[in-house]
Amino acid sequence: MSFREKSAWAMVFILISAGAYYFNKVFAISQALGQTAPPIIGLVIFYVVMVVIASIVIMSIIAGASGKEANAPVDEREKVILDKAGHWSGYVLAIGVFTGMMNFGVTSDGNLLFHICFASLMVSQIAEYGFQILLFRRGV
């Protein structure tokens, strides 16, 4: 497995774990309030900090174990894979945001719109790494 594929697997794990933590808190707050929880900036900041710290730690471990491969420039095949994965994940983001807008048009729940859009950002990033893994395994 290449360094970039290992990195993609690590990021999928980190993002799913952090997203699950975030939405577990949002669901608990929503249930306690009896309505959709408002955006809580402290929770969003905690999510971002948690992802950044976990990424630094895990990427440092992977880079240390990979040696010179970690510092190698992106080759032509990897460049195409990264471009395609980023392109496809953009569609995932657009579908999520569009779904949130349609939901807002029906329910007028701005809090839910925020959470759907934030989830779309999370899912599109997970999808980007998932597409990278798929393309590294399958080939371009």
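Up top is the structure.
Treat the numbers as computed from the prediction; the structure is a model and nothing was measured.

> Looking at this structure, I do not really get the side chain of Gln132. What am I missing?
With respect to the helices, strands and loops of the structure, Gln132 is situated in helix α4 (residues 110-138). With a relative accessible area of 6%, Gln132 lands in the buried category. Excluding residues that lie within four positions of it along the chain, Gln132 makes contacts with Ala8, Ile81, Leu82 and Ala85.

> Help me understand unusual backbone geometry, please; the structure alone is not making it clear to me.
Leaving glycine out, the prevailing phi sign among residues is negative, and the prevailing peptide bond configuration is trans. Look at Ser108: it is not a glycine, yet its phi comes out positive at around 55°. By the element assignment, Ser108 lies in the loop between α3 (76-107) and α4. You can call Ser108 exposed: its relative accessible area is 55%.

> I'm lost on the packing of helix α1 (residues 3-33) against α4 in this one. Help?
Between two packed helices, both the angle of their axes relative to each other and the distance between the axes serve to describe the pair. Orientation of α1 relative to α4, taken along the N-to-C sense of each, is 160°, at an axis distance of 9 Å. Put simply, α1 runs roughly antiparallel to α4. Crossing angle aside, the handedness with which α1 passes α4 is left-handed. Tallied by class, residues from the contact of α1 with α4 come to 17 nonpolar, five polar and three charged.

> Teacher, can you tell me more about α4 here?
Owing to its 3.6 residues per turn, the α-helix brings residues three or four apart onto one side. Its 29 residues give α4 an end-to-end C-alpha distance of 41 Å, which sits within 8% of 42 Å, the value for a rise of 1.5 Å per residue. Its side-chain oxygen at 3.2 Å from the backbone nitrogen of Asn111, Asp109 defines the N-terminal cap of α4.

> Teacher, can you tell me more about the pattern of salt bridges here?
If charged atoms from side chains of opposite charge come close, those side chains can pair. One pass over the structure, following the stated rule, counts three salt bridges. One salt bridge in this structure joins Glu78 and Arg4, with 3.5 Å as the shortest N-O distance. In this pair, Glu78 is assigned in helix α3 and Arg4 in helix α1, connecting sequence segments 74 residues apart. In this structure, Lys79 engages Asp83 in a salt bridge whose closest nitrogen and oxygen atoms are separated by 3.4 Å. Of the two residues, Lys79 and Asp83 both sit in helix α3, four residues apart, roughly one turn of that helix.

> Help me understand the packing of aromatic side chains in this model?
Any two aromatic rings considered together are summarised by their centre-to-centre distance and by the angle between their planes. For the structure shown, the criterion picks out eight aromatic pairs. Arranged with centres 5.4 Å apart and planes meeting at 75°, the rings of Tyr47 and Phe118 form a pair that is edge-to-face. Here Tyr47, found in helix α2 (residues 41-66), pairs with Phe118, found in helix α4; they are 71 residues apart in sequence, far enough to count as distant. Neither residue differs from the other here; Tyr47 and Phe118 are each classed as buried. Cluster of aromatic residues (ring-pair linked, three or more members): Tyr22, Phe23, Phe27, Tyr47, Phe114 and Phe118.

How each quantity is defined
- Residues numbered from 1 in each chain as written.
- Predicted model: local features only at pLDDT ≥ 70, side-chain atom pairs only at ≥ 80, totals over all residues.
- Heavy atoms only, no water.
- Helix = DSSP H or I, 4+ residues; strand = E, 2+ residues; numbered from the N terminus.
- Buried < 20%, exposed > 50% of the residue type's maximum accessible area, 1.4 Å probe, protein only.
- Contact = heavy atoms within 4.5 Å.
- Axes fitted to C-alpha atoms, helices over the stretch in contact; angles between N-to-C directions.
- Parallel < 35°, antiparallel > 145°, perpendicular 65-115°, else oblique.
- Left-handed = near helix turned anticlockwise from the far one by under 90°.
- Nonpolar A, V, L, I, M, F, W, Y, C, P; charged D, E, K, R; others polar.
- Expected span 1.5 Å × (residues − 1).
- Polar contact = N/O pair within 3.5 Å; in protein donor to acceptor, adjacent residues only side chain to side chain.
- Salt bridge = Lys/Arg side-chain N within 4 Å of Asp/Glu carboxyl O.
- Phe/Tyr/Trp six-rings, centres within 6.5 Å; stacked < 30°, edge-to-face > 60°.

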